[in-house]
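Descriptive analysis of the structure
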Amino acid sequence: GYICERKALLVNGCCNVNVPSTKLYSCDSCLPNGCCSIYEYCVSCCLQPSKQHLLERFLNRAAIAFQNLFMAVEDHFELCLAKCRTSSQSVQHENTYRDPIAKYCYGEYPPELLPV
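As recorded by an unreviewed UniProt entry, the protein carries the name SREBP regulating gene protein and is attributed to Hippolais icterina. Recorded in UniProt under Subcellular location (unreviewed entry), the annotation for the protein is "Golgi apparatus membrane". UniProt's Sequence similarities (unreviewed entry) comment on the protein is quoted here verbatim: "Belongs to the SPRING family."

1. Structural notes on the environment of leucine 79
Here leucine 79 is to be found in helix α4 (residues 76–84). Owing to a relative accessible area of 6%, leucine 79 belongs among the buried residues under this scheme. Along the chain, leucine 79 and cysteine 46 lie 33 residues apart, while their C-alpha atoms are 9.0 Å from each other.

2. Remarks on the pattern of salt bridges
Evaluated as defined, the whole model comprises 2 salt bridges. When the shortest N-O distance is used, the salt bridge between lysine 7 and glutamate 5 registers 3.5 Å. Here lysine 7 falls in the exposed class, since its relative accessible area comes to 73%. Across the pair aspartate 28 and lysine 23 runs a salt bridge, and its minimum N-O distance is 2.6 Å.

3. Examining the nonpolar core
Where a protein is soluble and globular, its nonpolar side chains tend to be buried together. Cys42, Cys46, Leu55, Cys80, Cys84 and Tyr106 are the most contacted members of the largest nonpolar core, which totals 16 residues. Elements with a minimum of two residues in this core: α1 (39–46), α2 (52–61) and α4. The leading source of residues in this core is α1, at 5 residues. What leucine 55 contacts, discounting residues up to four positions off in sequence, is Cys46, His76, Leu79, Cys80, Lys83 and Tyr106.

4. Side note on the packing of α1 against α4
Across the interface, α1 lies against α4 with an axial gap of 9 Å and an inter-helix angle of 140°. Put simply, α1 runs oblique to α4. Once α1 is placed against α4, the crossing between them reads as right-handed. Across the interface between the two elements, Tyr39, Cys42, Val43 and Cys46 of α1 pack against His76, Phe77, Cys80, Leu81 and Cys84 of α4.

5. Comments concerning the state of the cysteines
Counting across every chain of the model gives 6 disulfides. The disulfide partner of cysteine 46 is cysteine 80, and the S-S distance across this bridge is 2.1 Å. In this structure, the disulfide formed by cysteine 46 and cysteine 80 twists by about -80° around the S-S bond and is classed as left-handed. With a gap of 34 residues between them, cysteine 46 in helix α1 and cysteine 80 in helix α4 connect regions that are remote in the sequence. This pair shows no difference in class: cysteine 46 is buried, exactly as cysteine 80 is. For the protein, numbering the cysteines in disulfides from first to last along the sequence yields the connectivity 1-2, 3-8, 4-6, 5-12, 7-11, 9-10. Not part of a disulfide, cysteine 14 finds its nearest cysteine sulfur in cysteine 15, a span of 7.4 Å.

6. Focus on the side chain of histidine 76
Positionally, histidine 76 belongs in helix α4. Here the side chain of histidine 76 touches cysteine 46 through a polar contact of 3.1 Å, landing on its backbone oxygen. Excluding its chain neighbours within four sequence positions, the residues that come into contact with histidine 76 are Cys46, Leu47, Gln48, Gln52 and Leu55.

The rules behind each value
Residues numbered from 1 in each chain as written. Predicted model: local features only at pLDDT ≥ 70, side-chain atom pairs only at ≥ 80, totals over all residues. Heavy atoms only, no water. UniProt positions renumbered as here; feature names shortened; annotations may be inferred. Helix = DSSP H or I, 4+ residues; strand = E, 2+ residues; numbered from the N terminus. Buried < 20%, exposed > 50% of the residue type's maximum accessible area, 1.4 Å probe, protein only. Salt bridge = Lys/Arg side-chain N within 4 Å of Asp/Glu carboxyl O. Core = buried A, V, L, I, M, F, W, Y, C linked by side-chain atoms within 4.5 Å. Contact = heavy atoms within 4.5 Å. Axes fitted to C-alpha atoms, helices over the stretch in contact; angles between N-to-C directions. Parallel < 35°, antiparallel > 145°, perpendicular 65-115°, else oblique. Left-handed = near helix turned anticlockwise from the far one by under 90°. Disulfide = S-S within 2.5 Å. Polar contact = N/O pair within 3.5 Å; in protein donor to acceptor, adjacent residues only side chain to side chain.

Below, the structure written as structure tokens:
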């Protein structure tokens, strides 16, 4: 759930939490609908403990075919990684993002369709 500058990364790939600019559960590029313009911020925001119930509800409601994609997910972090990746829910007409700025979404509902 930490976001940091590249220079604050430790050799194990994790953020150095002692660097003042490192942030935990940052939603800086995210909208209230759970869509973000930066993938890493989407994952960080999604990892907030308060979002776990929303993600559990998503898994319980998922269709069988969709659920197969998420059955390999073993924890909250992996679920956020999968949810924040762009998917068919983020696009319209198969080739245009519904929201070209905030295209990484962990929320329950995809962005609104853009007018044609």
